[in-house]
Amino acid sequence: MRTREGCEERFEAEWRTAAEEIRTLDGCLHQDLVRDTDDPRSYLIISDWADRERLDAFGRSEHRDRLLRMIRELRESAQRHTYQVLHSVGGAPEEDR
């Protein structure tokens, strides 16, 4: 998402408020708000769900519309993509470095 100019702090605050409620929903495992280091108005929202069915159910819900209404008003543009994790590799334990 890209925020409207001057809306960055409010966007972050509104996202945190919505994320606190979304985190309690069945299937929501984790959420991150990531800001582009070269463009502080550009953000990536990463949310991890237990399965596609629960993500899609949330995506179609009135609950989502209500929670994200203010965020939509603060953004200039947005795109949505869904990705599937294929592989994860953790860092080496501290004693192995």
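Residues numbered from 1 in each chain as written. Predicted model: local features only at pLDDT ≥ 70, side-chain atom pairs only at ≥ 80, totals over all residues. Heavy atoms only, no water.

1. Structural notes on the nonpolar core
- Residues A18, I22, W49, L67, L68 and I71 are the most contacted members of the largest nonpolar core, which totals 15 residues.
- Top contributing element to this core by residue count: helix α1 (residues 8-22), with 5 residues. (Core = buried A, V, L, I, M, F, W, Y, C linked by side-chain atoms within 4.5 Å. Buried < 20%, exposed > 50% of the residue type's maximum accessible area, 1.4 Å probe, protein only. Helix = DSSP H or I, 4+ residues; strand = E, 2+ residues; numbered from the N terminus.)

2. Section: the packing of α1 against helix α3 (residues 62-74)
- Packing of α1 against α3 leaves a shortest axis separation of 9 Å and a crossing angle of 170°. Comparing their axes, α3 and α1 come out roughly antiparallel. Here α1 contributes R10, F11, E14, W15, A18, E21 and I22 to the contact with α3, which in turn contributes H63, R66, L67, L68, M70, I71 and L74.
- When its residues are assigned to classes, the contact of α1 with α3 shows 9 nonpolar, 1 polar and 4 charged. (Axes fitted to C-alpha atoms, helices over the stretch in contact; angles between N-to-C directions. Parallel < 35°, antiparallel > 145°, perpendicular 65-115°, else oblique. Contact = heavy atoms within 4.5 Å. Nonpolar A, V, L, I, M, F, W, Y, C, P; charged D, E, K, R; others polar.)

3. Things to note about the packing of aromatic side chains
- Taken as a whole, this structure holds 2 aromatic pairs when the rule is applied.
- Between the aromatic rings of W49 and F58, the centroid separation amounts to 5.3 Å while the plane-to-plane angle is 25°, which identifies the pairing as stacked.
- Using a relative accessible area of 11% as the deciding quantity, one classes F58 as buried. (Phe/Tyr/Trp six-rings, centres within 6.5 Å; stacked < 30°, edge-to-face > 60°.)

4. Focus on the pattern of salt bridges
- Under the counting rule described, the total for this entry stands at 9 salt bridges.
- The partner of R23 in a salt bridge is E20, with the nearest N and O atoms 3.8 Å apart.
- Of the residues examined, R23 reaches a relative accessible area of 53% and is grouped as exposed.
- Beyond isolated ion pairs, a larger network of salt bridges with shared partners links R2, D39, R41 and E76. (Salt bridge = Lys/Arg side-chain N within 4 Å of Asp/Glu carboxyl O.)

5. With respect to the UniProt feature "domain: ABM" (unreviewed entry) in the protein
- UniProt feature "domain: ABM" (unreviewed entry): in the numbering of this structure it lies at residues 1-86.
- End C-alpha atoms of residues 1-86 are separated by 24 Å, and the span's content is 42% helix alongside 23% strand. (UniProt positions renumbered as here; feature names shortened; annotations may be inferred.)

6. Some remarks on α1
- Its 15 residues give α1 an end-to-end C-alpha distance of 21 Å, which sits within 8% of 21 Å, the value for a rise of 1.5 Å per residue.
- Buried within α1 we find F11, E12, W15, A18, A19 and I22. Here the buried residues of α1 occupy an arc of 135° about the axis, which is enough to place them on one side. Looking at α1, the residues exposed on the side facing more than 90 degrees away from the buried face are E9 and T17.
- Of the surrounding elements, those touching the buried residues of α1 are β1 (2-3), β2 (28-35), β3 (43-49), α2 (52-59) and α3. (Expected span 1.5 Å × (residues − 1). Arc of directions from axis to C-beta.)

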